[in-house]
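Working through the structure, step by step
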Amino acid sequence: MSPTPKSSVGQIRQSQIVTTFGPGALVDLPDHSVIVGGLDHWAGEMRPIREDRLTTKIAEVLGVSEVTLRAPPVDSDSPHAATSGITTFTFPAWFLAQYQDELPDGGRTRPLVHWNALEKRRFLGPDRKRHAVVPVRFVRACPNGHIDDIDWIGFAHRDYHTACRGQLWLDEHGTTGDLAELQVRCEACKATRPLSALKGAEGHALGSCNGKRPWLGRSAREDCVGGKDDRPHHARLLTRSASNAYFSQTLSVISLPEPDERLRNAVDLVWEDFLQYCEDLGDVERERRKQKVAQALVGLSDDLVWQELQRRRGVETTQTRGIKQAELETLLSDELGRDDPSESFYATVRSLDGLPEVLVPIVERIVLVHRLREVTAQIGFTRFEAAMTDADGELDLDVRRAALSLDCPWVPATEQRGEGVFVAIRPEAIRQWLRRRAVIAHGRRLEEGFSAWKQAHGRDRARFPGLPYVMLHSLAHLLITAVALECGYSASSIRERVYATGSGCGILLYTATPGAEGTLGGLVEVGRRIERHLLTALDMGRLCSNDPVCAGHEPNATFEQRFLHGAACHGCLLIAETSCEQRNELLDRALVIPTVSVPDAAFFAGISISAADVSELPAAPDAPVDPRLSAPIPTELDLEDFDEPWQPFVARLAAHDELRLEAGGEVADDRGRVIGRTVIRIQAGSKLVHVLDAHDPESEAVAALLHARGARAILLTPDADPSPALLE
């Protein structure tokens with residue numbers, strides 16, 4: 001393992017660092033492969049992120065007293081800026097030279113060389129020419145995250161203490177790349193060994209794990225425990241580019257409204273550079289004399305600021321509620337934040353008027369989340385198998401995870417903003433469903449599958465999340481597919497958060513991205529007619545293209561080993577794993593809607609509705625309507641009320657007695673923010689038209705909003721022909 005050059009070798013988004021390419025991840029570059037360095041090898045400004053609920057939970061999971069969140073470093077465009085970025089190390093250290101000879105059987109053979117044998121990153125071949133090299137495909141690793149190069153010399157000689165150091169060659173006797181067709185050969189002593197031995201019946205050919213952690217430094221290692229009798233794990237073959245080479249362990253929370261959020265946000269702005277050093281109220285007064293501090297704390301008294309500083313220093317260190325428990329209680333309460341751009345959470349409760357009769361006894365509440373903030377932090381990683389959060393959003397404290405650093409008091413995190421819609425299900429409907437005999441019987445089959453999964457994966461302490469969670473999780477997948485057809489977001493951009501606790505049950509569909517796609521307003525608009533999409537989702541789930549095979553799947557079937565699936569496959573329930581909080585596990589369509597194999601265990605049993613019925617549902621019953629859109633226009637007309645460029649147009653149009661005209665005004669979106677204005681309102685009988693200036697760049701957005709609210713809008717210029725035909 002060798003460090004890469006000091007110059008930049010690529011760029012990765014901050015969110016990708018936390019979820020996909022964090023410390024310990026293997027990344028393929030054009031010329032070589034690298035492993036991402038640990039937090040000790042990150043440099044540059046790493047912006048602090050504040051989210052108390054998340055830091056408290058992470059400290060509990062990691063077993064430390066305190067931890068902070070920081071965003072990954074951002075590359076600077078300035079050539080004079082200090083070094084900023086993430087160090088990577090060349091890994092693996094064995095390469096295949098792009099030089100080949102032919103074998104007697106028509107195959108090919110290529111030199112297998114170590115980094116130390118290269119000259120200027122090239123292999124000096126028998127022809128005395130320098131040849132390019134590519135990283136070898138295979139390394140060895142263990143479930144604890146440890147990873148190392150395969151000792152190819154010892155493997156080829158079947159003796160890891162051999163003194164032979166002859167040139168190694170990789171013989172390829174076929175074209176499929178299968179391990180049975182590959183063998184390592186020593187040029188000096190002619191020893192050979194097929195690569196199939198790495199996974200074959202010869203036993204543990206790679207030996208015991210040596211605990212190496214190359215992402216933390218050249219000599220970083222630890223004792224590997226967790227195997228049989230707490231001995232080191234047997235090293236396992238790992239393909240560098242395989243999907244099971246790296247699983248990031250993350251925790252995420254939705255920021256909740258707090259009564260003193262403005263105070264906390266203000267202190268956040270100057271905490272790192274100024275206020276964290278204050279020891280008493282007098283220090284706060286002195287720091288306020290600095291311009292940056294004064295601007296951040298405007299409107300806040302010194303006493304309030306000092307109280308917040310004391311709170312941050314340890315007054316509140318306990319967490320009484322789980323991650324999802326706190327979020328659900330907020331979504332079911334009346335404390336849904338304020339419509340203030342400085343607030344991170346704002347939601348409104350949608351009226352249930354007009355809800356189809358079949359959904360009235362099922363749907364308890366619909367909440368339109370206009371603004372939310374999600375903070376995601378990485379606390380470790382695993383290899384070979386992912387360690388998912390449970391139904392409550394918590395990580396198993398007993399899971400052994402690979403460390404991100406040797407000794408860093410912080411973890412990488414990202415914050416993303418977006419919107420969403422929350423649908424709460426009535427608890428009494430859930431309880432009545434769980435009492436049905438068919439549901440109890442089907443639930444036993446799912447629990448048998450879960451028990452088989454625990455035994456196969458050695459997860460003795462894992463607990464079945466319960467039928468309500470599996471049902472809501474399956475419904476969420478159907479709903480994401482249905483909503484994506486209309487909301488303007490791709491299905492992979494919509495995420496789920498499933499709540500099934502003693503406080504209530506519900507589904508939150510949301511988007512949260514660092515870019516513009518997280519705040520387009522599409523999900524809030526979908527929420528105004530979510531009943532349409534819910535019924536569409538149920539109709540989509542009735543039949544899968546793989547039925548009856550899909551519907552007839554038994555969770556405890558050992559020959560398929562899909563222990564966490566009921567009636568679920570890529571034809572019906574499986575979606576992008578970026579959208580699913582359980583990596584497409586714990587799904588069963590039969591719990592949601594009757595299937596051809598299990599017709600009597602569905603929560604929505606008895607609901608029968610066609611696509612035509614869905615199209616006849618009323619439009620959003622509580623869509624905000626600007627009273628100016630339909631208010632009658634007065635008969636009096638004063639040209640001075642209109643913009644000067646439009647006054648000649650208005651005067652000519654006013655000559656038509658059947659028309660009434662009024663000056664336009666500002667148009668606000670659902671959050672009360674002004675997005676543009678109209679210039680004229682024209683009324684003839686029951687017809688009403690809003691005129692917008694075609695030269696105004698905001699007019700198209702205003703017209704789209706007016707159309708969505710059921711009003712008619714046209715874009716004109718002041719030199720347009722004034723005629724009643726405008727209303728046609």
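See the structure above.
Heads up: these notes are all about the structure in this document. Predicted model only: the values in this text are computed from it and were never measured.

Of the regular secondary structure elements, the chain holds 16 helices and 32 strands. Looking at the 728 residues of the chain, the share that counts as buried comes to 51%. For the chain, contacts bridging at least 24 residues in sequence account for 69% of all contacts bridging at least 6. When the accessible surface of the chain is totalled, it reaches about 34500 Å², and 49% of it is carbon and sulfur.

Let's shift gears to the packing of aromatic side chains. Applying the stated rule across the entire model yields 12 aromatic pairs. Here phenylalanine 95 and tryptophan 115 contribute two aromatic rings whose centre-to-centre distance is 6.0 Å and whose plane-to-plane angle is 40 degrees, an arrangement assigned as tilted. With a gap of 20 residues between them, phenylalanine 95 in strand β9 (residues 94-97) and tryptophan 115 in the loop between β11 (108-114) and β12 (123-124) connect regions that are remote in the sequence. Residue phenylalanine 95 is classed as buried on the basis of its relative accessible area of 2%. Judged by centre distance (5.6 Å) and plane angle (85 degrees), the ring pair of tryptophan 433 and phenylalanine 603 falls under edge-to-face. Placement of tryptophan 433 in helix α9 (residues 427-434) and of phenylalanine 603 in the loop between α13 (530-541) and α14 (611-615) is noted, with a sequence separation of 170 residues between them. Considered together, tryptophan 433 and phenylalanine 603 belong to a single accessibility category, that of buried residues. Ring pairs connect the aromatic residues Trp215, Tyr246 and Phe381, which therefore count as one cluster. Cation over ring: arginine 236 sits above phenylalanine 384, and NZ or CZ is 4.0 Å from the ring centre. The residue whose ring lies beneath lysine 324 is tyrosine 499, and the NZ or CZ to ring-centre distance is 5.9 Å.

A word on the sheet that holds strand β20 (residues 236-239). Within the open sheet, the 3 strands sit side by side as β16-β15-β20. Their pairing is antiparallel. A single partner strand is all that each edge strand has here, and the edge strands are β16 (147-148) and β20. Here strand β15 (residues 138-141) pairs with β20 via 4 bridges, running antiparallel. Within β20, the residue paired with valine 139 across the bridge is leucine 238.

With 5 of 7 residues buried, β11 is to be regarded as a mostly interior element. For β9 and β11, the ladder comprises 3 bridges, and the chain directions are antiparallel. Each bridged residue has a counterpart across the sheet, and for phenylalanine 95 the counterpart in β11 is valine 113. Bridging between strand β10 (residues 101-102) and β11 involves 2 bridges; their strand directions are antiparallel. Within the sheet, the bridge partner assigned to aspartate 101 lies in β11 and is threonine 109. Count of turn residues in the β10/β11 antiparallel hairpin: 5 residues, of which glycine 106 carries a positive phi of about 95 degrees. In the sheet, β11 pairs with strand β17 (residues 168-172) via 5 bridges, with the strands oriented antiparallel. Residue arginine 110 lies in a different strand from β17, and its bridge partner there is leucine 170.

Turning next to the pattern of salt bridges. In the structure shown here, the tally under the stated rule is 31 salt bridges. For glutamate 415, the salt bridge goes to arginine 47, with nearest N and O atoms at 2.7 Å. Of this pair, glutamate 415 sits in strand β24 (residues 410-425) while arginine 47 sits in the loop between β4 (42-43) and β5 (48-49); the two residues are 368 residues apart in sequence, bridging distant segments of the chain. Residue class for arginine 47 comes out partly exposed when judged on its relative accessible area of 38%. Among the salt bridges present, the one from aspartate 539 reaches arginine 542, with a minimum N-O distance of 3.8 Å. One network of salt bridges, with partners in common, ties together Arg47, Glu51, Arg373, Glu415 and Arg417.

Let us look at the packing of α9 against helix α11 (residues 467-484). As a packed pair, α9 and α11 sit with axes 11 Å apart at the nearest point and diverge in direction by 115 degrees. By the criterion of interaxial angle, the relationship of α9 to α11 is roughly perpendicular. Classified by chirality, the crossing of α11 by α9 is right-handed. Side by side, α9 and α11 meet where Ile430, Trp433 and Leu434 of the first sit next to Leu467, Pro468 and Met471 of the second.

Right, let's get into the environment of tryptophan 453. Within the element layout of this structure, tryptophan 453 appears in helix α10 (residues 437-457). C-alpha separation for the pair tryptophan 453 and glutamine 561, spaced 108 residues apart in sequence, amounts to 8.1 Å.

Let us now look at α13. The end-to-end C-alpha separation of α13 is 16 Å, in line with the 16 Å expected for 12 residues at 1.5 Å each. Taken together, the buried positions of α13 are occupied by Ile530, Glu531, His533, Leu534, Leu535, Ala537, Leu538 and Gly541.

Right, let's get into the nonpolar core. Core analysis: the largest hydrophobic core is formed by 70 residues, its most contacted members being Met471, Leu472, Val483, Ile494, Leu509, Phe603 and Phe604. Top element by residues in this core is α11. It accounts for 13 residues. The contacts of methionine 471, once residues within four sequence positions are left out, are Ile430, Trp433, Leu591, Val592 and Phe603. If you look at the next biggest cluster of nonpolar residues, it comprises 27 residues, including Met46, Ala245, Tyr246 and Phe381.

Further remarks concern the pairing of strand β27 (residues 660-663). Going residue by residue along β27, you find Leu661 and Ala663 tucked away on one face and Arg660 and Glu662 left uncovered on the opposite face. The pairing of β27 with strand β30 (residues 680-684) spans 4 bridges and is antiparallel. Pairing of glutamate 662 across the sheet is with arginine 681, part of β30.

Turning next to the side chain of glutamine 582. With respect to the element layout, glutamine 582 can be found in the loop between α13 and α14. One polar contact links glutamine 582 to tyrosine 469, side chain to side chain, over a distance of 3.3 Å. Residues contacting glutamine 582, with those up to four places away along its chain left out, are Met388, Thr389, Asp390, Ala391, Tyr469, His473 and Glu496.

This part is about the environment of glutamine 16. Its location among the elements puts glutamine 16 in helix α1 (residues 14-19). Spatially, the C-alpha atom of glutamine 16 lies 10.0 Å from that of proline 72, the residues being 56 residues apart in sequence.

Quick look at α9 now. The set of residues buried in α9 consists of Ala429, Ile430 and Trp433. The buried residues of α9 occupy an angular sector of 100 degrees when projected down its axis, which confines them to one face. Buried residues in α9 make contact with β24, α10, α11 and β26 (504-513).

Each neighbour pair has its own omega, and for phenylalanine 91 with proline 92 the value is 0 degrees, a cis peptide bond. Of note, proline 92 is situated in the loop between β8 (88-90) and β9. Of note, the amide linkage connecting aspartate 547 to proline 548 takes the cis form, showing an omega dihedral of 5 degrees. Along the chain, proline 548 turns up in the loop between α13 and α14. Phi at lysine 120 is positive, roughly 55 degrees, even though this residue is not glycine. Of note, lysine 120 is situated in the loop between β11 and β12. Non-glycine residue glutamine 561 carries a positive phi angle of around 60 degrees. The topology assignment puts glutamine 561 in the loop between α13 and α14.

Rules used in this analysis
- Residues numbered from 1 in each chain as written.
- Predicted model: local features only at pLDDT ≥ 70, side-chain atom pairs only at ≥ 80, totals over all residues.
- Heavy atoms only, no water.
- Helix = DSSP H or I, 4+ residues; strand = E, 2+ residues; numbered from the N terminus.
- Buried < 20%, exposed > 50% of the residue type's maximum accessible area, 1.4 Å probe, protein only.
- Contact = heavy atoms within 4.5 Å.
- Areas by Shrake-Rupley, 256 points an atom, 1.4 Å probe, with all protein chains shown as cover.
- Phe/Tyr/Trp six-rings, centres within 6.5 Å; stacked < 30°, edge-to-face > 60°.
- Lys NZ or Arg CZ within 6 Å of the ring centre and 35° of its normal.
- Pairing = 2+ DSSP bridges.
- Salt bridge = Lys/Arg side-chain N within 4 Å of Asp/Glu carboxyl O.
- Axes fitted to C-alpha atoms, helices over the stretch in contact; angles between N-to-C directions.
- Parallel < 35°, antiparallel > 145°, perpendicular 65-115°, else oblique.
- Left-handed = near helix turned anticlockwise from the far one by under 90°.
- Expected span 1.5 Å × (residues − 1).
- Core = buried A, V, L, I, M, F, W, Y, C linked by side-chain atoms within 4.5 Å.
- Polar contact = N/O pair within 3.5 Å; in protein donor to acceptor, adjacent residues only side chain to side chain.
- Arc of directions from axis to C-beta.

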